Structure formats: C-alpha cells, structure tokens
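Residues per chain are reported as follows:
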Amino acid sequence: MSSFLATRFVVEWYMKSIGENSYKLFAKMSKRRYSSGISLNVRERSFFVDPIKFAEKQNVRSWTSKISNLVRENQSIEAINLFKTMLRNEHKPNYVTVLSVIRAAENLESTARCVHGFAIKLGFELELPIVTALVGVYSTWNMDAALKLFNRTRYKDVILWSAMVSACVKSGEYVDAIELFRKMLSSSVEPNYISIVGIVPACANLGALKVGKEIHAYSMKISFISHVNIQNSLVDMYAKCGSLKASVAVFRGIEKKDLVSWRTMIHGCVENDRFNEALSLFSQMRYCCFEPDDSVIREVIGALSELDEIKIGQCFHSLVLKQGYLRCVSVVTALLHMYGDLCEIESARSLFDRLKPRDLIAWSTMIAAYAQSELPSNAFDIYWQMQSANEKPNEIIYVSLLQACSSMAAEEIGEGIHAQVIKIVNISNPFLISSLIDMYCKFGRISQGTAIFSEFPNKDLICWSSMINGYGINGHGNKALECFLDMLNSGIKPNDVVFISVLSACSHCDLEYEGWNWFYAMEERFDVTPKLAHYACMVDMLSRQGNIEEALEFVNNMPIEPDKRIWGTLLAGCRKTRSRADGKR
C-alpha cells in the first residue's frame with residue numbers, strides 16, 4: 001500500500017510540474033512580439049490567426065496563382081476572364097493579383113486602363129511593382145502616359161528607373177533614355193546590371209561613342225563588366241559606333257562567350273564591311289563547338305554576298321543543306337539574295353522553285369534578283385506567279401518592277417506600273433519615289449522625273465541622289481550640282497551614295513575641276529571616307545579626258561585595293577583613247 005501511495009505521489013508531482021512549466025511557457029508566448037523578419041506564411045500557420053481570414057487569404061492566393069500561371073503560358077484573355085470571375089465571386093484581389101492582370105493586358109489598351117483604375121481604387125497605385133508594370137504597358141502605345149506616371153511617382157527604386165530607361169530605348173527615344181539614366185545617377189540611385197544592359201543600346205543606336213565609353217568605364221568601376229549580357233551589349237555598341245577595334249577587344253575579353261556573343265561580333269564585322277573577318281569568326285565559333293543558329297547563318301550569307309566569291313558561297317550552301325537550315329524560309333531567302341548579288345540567277349531560281357511555302361520576302365527577293373540581272377523581263381514572270389498565288393505585292397516589289405522597266409527601256413510597262421502604284425499604294429515611300437525618278441530619267445524624260453521629285457514633300461537622301469544622278473545621265477551636269485547645293489542648303493548631310501551621284505555627274509558632263517573639288521571635300525568637309533565606287537568615278541573621269549597615265553598613277557596610289565570595277569573602267573578608257581587616236585589619223 002505504501003508503495004502504491006508513493007507511486008501516486010510521484011505521478012501527481014510530475015503532472016503538477018508539467019502544468020506549471022506549460023503555464024509559464026504559454027505566458028511567455030503570449031507576450032512575444034513577432035519580428036519583421038518572420039514571413040507572412042509563418043504567421044498565418046500560427047494557431048492564433050483568425051481561421052476565416054486565413055481561409056479568405058488562401059482563396060485569394062489560389063486565384064492569383066491560377067491567373068499568374070495563365071499569364072506565364074501567354075493565355076492573356078483566359079487570365080483576364082478568370083480575374084473577372086474572381087471579382088464576381090466577391091474575392092478581393094491583392095496587389096500581386098493586380099500585377100499579374102496588368103501583364104496580361106499588355107496589348108489591350110482599354111483593358112489595361114481599366115485595371116489601372118481598379119488598382120487606384122484598391123489603393124495599390126503606390127506599390128512600386130504595380131507602377132513599374134504600368135509604365136511598361138503604357139510605353140507600348142503611349143510614351144507620354146508612361147512618363148507622366150513615372151514622374152508622378154515620388155519614391156523610385158532602381159527597377160522603376162531601369163524600366164523607364166528601357167521603355168525609352170524600345171520606343172526609339174534614345175536621347176531621353178540617356179538623359180533619364182543621368183538623372184537616375186544624380187538621384188543617388190545606383191544602377192544594377194540590368195540598368196547598364198538597358199542603356200547601352202541607346203548609345204549604340206545614336207552612335208554616341210563618347211557616352212558609350214563612359215558607361216563602359218562606369219560598369220567596370222562598379223564591377224558589372226563580368227556580366228556576359230553587358231559585354232555583349234558593349235560589343236554591339238562599339239561596332240555600331242564604327243569602333244570595330246574596341247568591339248573586338250571587348251569580345252576577346254569575354255571569358256564565357258555564348259551564342260549571342262559570337263552572333264553580335266559577326267554582325268559587327270558585316271556591319272563594318274569586314275566580311276573576311278566575319279567568315280574567320282564563324283570558323284572560330286564552330287571550332288569552339290558553338291552550333292550556329294539561323295541568325296548567324298544569315299549574317300554569314302550576307303558577308304558572302306558582298307565578297308563576290310561564288311565558290312565559297314556554294315560551299316556554304318552545302319553546309320546549310322547539311323545542317324537542315326533549308327527548311328527555314330529566312331535562310332533560303334538569304335541564299336536567294338546571295339545568288340542574285342553574285343549574278344548566279346539560275347542557282348537562285350532553282351532554289352526558289354524548291355521553296356515551299358514562300359513568303360512575301362521570298363517572292364520579293366526573287367523578283368529583285370531578276371530585276372538586277374541580265375534577264376529583267378523574268379521579274380514579271382515571277383510577279384505574275386505571285387499574283388496567281390493570291391499574294392499581294394508590297395512597295396519593295398514595285399520598286400524592283402520599276403527597276404526592271406528601266407533596264408528593259410520598257411516605257412509603256414513602266415507607266416502601267418506607275419499607274420498601278422498610284423491606284424493601290426499611297427506613294428509616301430522614298431524608295432518608290434526614287435525608282436520613279438530614276439526610271440523616267442533613264443527614259444530621257446527628265447521633266448517627268450523633276451515633276452515627281454518636286455511634288456514629293458519629304459525628300460530624303462535617296463530622292464536627292466536619284467535626281468542628281470538623273471540630271472547627270474542626261475548631260476545636265478550644272479543642274480546636277482545645283483540640285484546637290486539645294487540639298488545641302490536644306491540641311492541634309494550627304495552620304496557616300498549621294499557623292500557617287502555627284503562624282504558620276506561630273507564625270508559624264510566633263511566637269512573635271514568640280515569633280516576633284518567635291519572628291520576632296522568628301523572627307524575634309526563632310527567626314528565621308530571615299531570607297532571603291534568613288535575612286536571608280538575619278539578613274540572614269542580621268543579616262544574620259546584621255547588622261548590614262550594619270551588614271552593609272554591615281555589607281556596605284558589608292559589607299560584601298562582596286563577591284564575589277566576599277567580596272568574595267570581603266571581599260572574602257574584605254575579603248576576610248578585609242579579610238580580617238582585612230583580617228584585623228
């Protein structure tokens with residue numbers, strides 16, 4: 001009995017002890033304050049959260065999760081409809097829900113405005129993620145609204161600044177983008193690597209090399225230069241600014257090059273007329289076990305088009321076939337363009353006939369290839385095939401057809417195309433105007449060409465160049481130079497193409513003094529470096545004057561290697577000089 005009592009005493013004492021300790025622990029827990037570091041999920045799992053409120057929040061999260069998943073899967077309409085269903089079921093969304101719906105309404109202006117109003121009603125207009133998303137959405141159709149929303153936001157973080165800069169770049173407002181970036185720095189907001197990636201393309205597209213160098217130096221200072229995306233952007237920027245040496249230096253410094261790195265560097269070489277370097281880089285890329293994508297393939301084909309190396313082009317065609325890229329319409333179109341440029345019209349036609357389906361660019365490329373070949377009439381055969389396939393021509397196709405008419409001296413057909421263009425197309429395309437001017441001037445109808453030129457209000461370099469060339473080929477050298485001076489007085493800076501027209505006019509019209517003046521003025525006054533075409537004009541001018549020895553000396557002193565065009569011009573001059581000499585005898 002005593003043993004039983006002893007055991008009971010021990011049990012009672014133990015239970016009492018547990019009770020006292022539990023009470024003390026409960027008292028401590030009730031007085032504990034939750035730190036801000038404890039997550040919302042931990043708090044809601046606590047026993048002390050109101051179960052009804054907890055259930056409501058769980059429902060909102062469930063709706064938000066479903067809407068977000070639909071947005072991620074690019075099912076925007078379904079996401080918006082689900083949001084409407086959520087509201088009909090009287091579930092109040094949180095700001096994450098609204099954020100997902102804003103992204104879903106990116107391409108739906110009226111819906112996006114409604115969601116914006118709804119966000120204001122719920123009091124979410126100050127949430128920075130909401131503002132950032134709205135800035136991105138508004139910038140796709142209304143940059144003024146995006147800037148207004150951005151400027152109204154008092155406290156801006158680096159993400160909002162970066163989003164606004166990127167929006168300016170995407171809409172082509174590069175100067176504003178650079179100005180915003182500078183304001184961000186002056187506001188003591190330190191950019192992240194996304195900010196740098198976003199602003200570099202603005203420098204590239206503006207050709208703002210000095211600003212690009214400053215951003216390069218800044219990215220090195222804040223240790224962001226190791227990011228491959230920043231390095232790729234800098235490679236592109238330097239190439240677009242004409243500083244290919246710096247572009248190559250940045251490219252060589254990339255430790256972990258990706259496909260974008262190689263593609264950007266190859267494109268930079270092509271863009272700067274360094275076609276052999278582009279091919280060399282392509283070989284290096286393959287040696288480094290990088291398989292090219294269709295974009296790289298097109299860049300290399302573009303380089304081959306300019307190199308005038310048909311055998312290398314055919315070898316590359318075999319590589320494209322081996323790698324299965326002939327199923328890609330854009331790659332086949334690039335090959336068509338290459339064969340057209342290399343005057344291999346039969347190869348182009350064979351490739352075109354096997355291409356199925358054909359898009360408008362393929363039709364346009366084949367028509368252009370024939371228009372620029374020795375068989376311009378075949379351009380109309382392809383055009384009629386295109387019409388039979390119910391494909392509507394675009395402005396570029398009409399440009400090619402007008403060029404074909406010029407080559408064929410087909411005045412009636414050209415007038416018919418002109419009438420069709422007026423009927424179908426709103427003639428606001430400078431290329432179309434230029435082709436019409438060129439065609440009528442080649443027909444000797446200079447007054448018709450001048451009338452078209454005079455009536456066009458938005459003259460660009462292409463139109464001016466065509467009119468100058470039109471005067472030149474019709475023997476009106478002084479009028480060609482007057483037209484050139486009018487262009488300068490209108491504030492348009494000449495490029496290399498315009499100077500070809502000017503020098504050609506001087507050559508054809510025996511304006512030797514004026515020709516040399518403008519040739520030297522190219523680089524000295526207008527910062528235009530003479531190319532082979534300009535040197536060919538000067539060789540032609542000397543040859544026409546019978547100054548063959550001077551022409552040969554000029555060729556030997558050229559800073560660039562002469563091509564077959566230069567030698568052909570010189571030989572033609574020799575024949576003319578000999579004919580004159582024979583006539584005098």
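As the structure is a prediction and not an experimental result, all values here were calculated from the model.

Novice: Even after reading the chapter, I still don't get the overall build of the protein chain, so can you show me in this structure?
Specialist: When helices and strands are counted, the protein chain shows 33 helices and zero strands. Looking at the protein chain as a whole, 42% of its 585 residues qualify as buried. The contacts in the protein chain between residues at least 6 apart in sequence include a share of 59% that link residues at least 24 apart. Carbon and sulfur atoms make up 53% of the accessible area of the protein chain, which amounts to about 32800 Å² in all.

Novice: Help me out: how do you make sense of the confidence of the model for the protein chain in this one?
Specialist: As a note on interpretation, predicted positions should not be read in detail where pLDDT is low. Overall, the predicted model of the protein chain reaches an average pLDDT of 83, with 88% of residues at or above 70. Residue range residues 1–56 is modelled with pLDDT below 50. Its contacts to residues more than four positions away, or to other chains, number 14 contacts. Contacts from residues 579–585, a stretch scored under 50 in pLDDT, to residues over four places away or in other chains number four contacts.

Novice: Would you mind showing me how to read the nonpolar core here?
Specialist: One recurring pattern in soluble globular proteins: nonpolar side chains tend to sit buried together. Of all hydrophobic cores here, the largest spans 174 residues; its most connected members are Met164, Ile199, Phe316, Met366, Phe484, Trp518 and Phe554. Those residues in contact with Met164 that lie beyond four places of it in its chain are Val135, Met143, Ala146, Leu147, Phe150 and Leu180.

Novice: Help me understand the side chain of Asp293 in this model?
Specialist: Relative to the helices and strands, Asp293 is located in the loop between α16 (275–287) and α17 (294–307). Of the residues examined, Asp293 reaches a relative accessible area of 16% and is grouped as buried. Here Asp293 is in contact with Leu259, Arg263 and Tyr325, once residues within four sequence places are set aside.

Novice: Would you explain the packing of aromatic side chains in this entry?
Specialist: Given two aromatic rings, one states the distance between the centres and the angle between the planes to describe the pair. Counting across every chain of the model gives 20 aromatic pairs. Taken together, a centroid distance of 6.1 Å and an interplanar angle of 65° make the contact between Phe519 and Phe554 edge-to-face. Placement of the pair is Phe519 in helix α30 (residues 512–526) and Phe554 in helix α32 (residues 548–556), with a sequence separation of 35 residues. Phe554 gets classed as buried once you look at its relative accessible area, which sits at 14%. Among the aromatic residues, those joined into a cluster by ring pairs are Trp516, Phe519, Tyr520, Tyr535 and Phe554.

Novice: Teacher, can you tell me more about helix α5 (residues 95–104) here?
Specialist: For an α-helix, 3.6 residues make a turn, and residues three or four places apart therefore share a direction. With seven of ten residues buried, α5 lies mostly within the body of the structure. Along α5, the positions that sit buried rather than exposed are Thr97, Val98, Leu99, Ser100, Val101, Ile102 and Ala104.

Novice: Just to check I follow, could you spell out unusual backbone geometry for this structure?
Specialist: Leaving glycine out, the prevailing phi sign among residues is negative, and the prevailing peptide bond configuration is trans. The peptide bond linking Lys356 to Pro357 adopts the cis configuration, its omega dihedral lying at -10°. A positive phi angle, near 65°, is found at Ser188, a position not held by glycine. Topologically, Ser188 is positioned in the loop between α10 (174–186) and α11 (193–206). Here Ala409, not a glycine, exhibits a phi torsion of approximately 55°, which is positive. Following the sequence through the fold, Ala409 ends up in the loop between α23 (395–408) and α24 (411–424).

Novice: Explanation requested: the pattern of salt bridges in the structure shown.
Specialist: It is possible for side chains of opposite charge to pair when their charged atoms get near one another. Counted according to the given criterion, the structure contains twelve salt bridges. Arg274 is the salt-bridge partner of Glu277, the closest N and O atoms lying 2.9 Å from each other. For Arg274, a relative accessible area of 37% gives the class partly exposed. Here the residues in one salt-bridge network are Asp273, Asp496 and Lys531, joined through shared partners.

Novice: Help me out: how do you make sense of the packing of α10 against α11 in this one?
Specialist: Between two packed helices, what matters for the description is the angle formed by their axes and the separation of those axes. α11 packs onto α10 with a crossing angle of 140° between their chain directions and a minimal axis gap of 9 Å. Here α10 lies oblique to α11, going by the angle between them. In this structure, α10 crosses over α11, and the sense of that crossing is left-handed. Residue-level inspection shows Tyr174, Val175, Ala177, Ile178, Phe181 and Met184 of α10 in contact with α11, the latter providing Ser195, Ile196, Ile199, Ala202, Cys203, Asn205 and Leu206.

Novice: What's the story with the packing of helix α7 (residues 128–138) against helix α9 (residues 158–170) in this structure? I'm lost.
Specialist: Where α7 contacts α9, the axes come no closer than 9 Å and their chain directions differ by 5°. Taken as axis vectors, α7 and α9 run roughly parallel relative to one another. Facing α7, whose interface residues are Leu128, Val131, Thr132 and Val135, α9 presents Ile159, Leu160, Ala163 and Met164.

Novice: For this particular structure, what's the right way to read the environment of Gln323?
Specialist: Within the element layout of this structure, Gln323 appears in the loop between α18 (310–322) and α19 (329–341). In this structure Gln323 comes out as partly exposed when scored by relative accessible area, which is 24%. Between the C-alpha atoms of Gln323 and Pro292, which are 31 residues apart in sequence, the distance is 9.6 Å. When near neighbours in sequence (up to four residues on either side) are disregarded, Gln323 contacts Arg286, Glu291, Pro292 and Ile297.

Novice: Mind showing me how you'd approach the side chain of Ser162 here?
Specialist: Structurally, Ser162 is set in helix α9. A relative accessible area of 7% places Ser162 in the buried class. Setting aside residues no more than four positions away along its own chain, Ser162 makes contact with Asn192 and Ser195.

Novice: Explanation requested: helix α21 (residues 360–371) in the structure shown.
Specialist: Taking 1.5 Å as the rise per residue, α21 with twelve residues should run 16 Å; its terminal C-alpha atoms sit 16 Å apart, in good agreement. In terms of burial, α21 is largely enclosed, as ten of its twelve residues are buried. Taken residue by residue, α21 has Ala362, Trp363, Ser364, Thr365, Met366, Ile367, Ala368, Ala369, Tyr370 and Ala371 as its buried positions. Elements in contact with the buried residues of α21: α19, α20 (345–354), α22 (378–388) and α23.

Cut-offs used in this document
Think of each chain on its own: its residues are numbered from 1, step by step along the sequence as written. pLDDT decides what is reported in this predicted model: residues at 70 or higher carry local features, side-chain atom pairs at 80 or more are listed and counted, and totals for whole chains, interfaces and linings draw on all residues regardless. Side-chain measures here rest on the full set of heavy atoms in the structure, leaving out hydrogens and waters. The secondary structure listing takes helices from DSSP runs of H or I that are at least 4 residues long and strands from runs of E that are at least 2 residues long, numbered from the N terminus. Only protein chains enter the accessibility calculation, which uses a 1.4 Å probe; a residue is then buried when its area is under 20% of its type maximum, exposed when over 50%, and partly exposed in between. It only takes one pair of heavy atoms within 4.5 Å for two residues to be counted as in contact. Note that accessible areas follow from Shrake-Rupley with a 1.4 Å probe, and for residues the cover is restricted to the protein chains shown. pLDDT is a per-residue confidence score from the predictor, ranging from 0 to 100. Among buried residues, the Ala, Val, Leu, Ile, Met, Phe, Trp, Tyr and Cys ones that are joined through side-chain atoms within 4.5 Å form a nonpolar core. The aromatic pairing rule takes the rings of Phe, Tyr and Trp, using the six-membered ring of Trp, and pairs them if the centres are within 6.5 Å, calling planes under 30 degrees apart stacked, those over 60 edge-to-face and the rest tilted. Each reported salt bridge corresponds to a side-chain nitrogen of Lys or Arg within 4 Å of a carboxyl oxygen of Asp or Glu. The axes used here are C-alpha line fits, helices contributing only the stretch in contact, and every angle between their N-to-C directions lies in the interval 0 to 180 degrees. Put simply, angles under 35 degrees are roughly parallel, angles over 145 are roughly antiparallel, angles from 65 to 115 are roughly perpendicular, and the rest are oblique. Rotating anticlockwise by less than a right angle from the far helix to the near helix defines a left-handed crossing, while the corresponding clockwise rotation defines a right-handed one. One less than the residue count of a helix, multiplied by 1.5 Å, gives the span that helix is expected to have.

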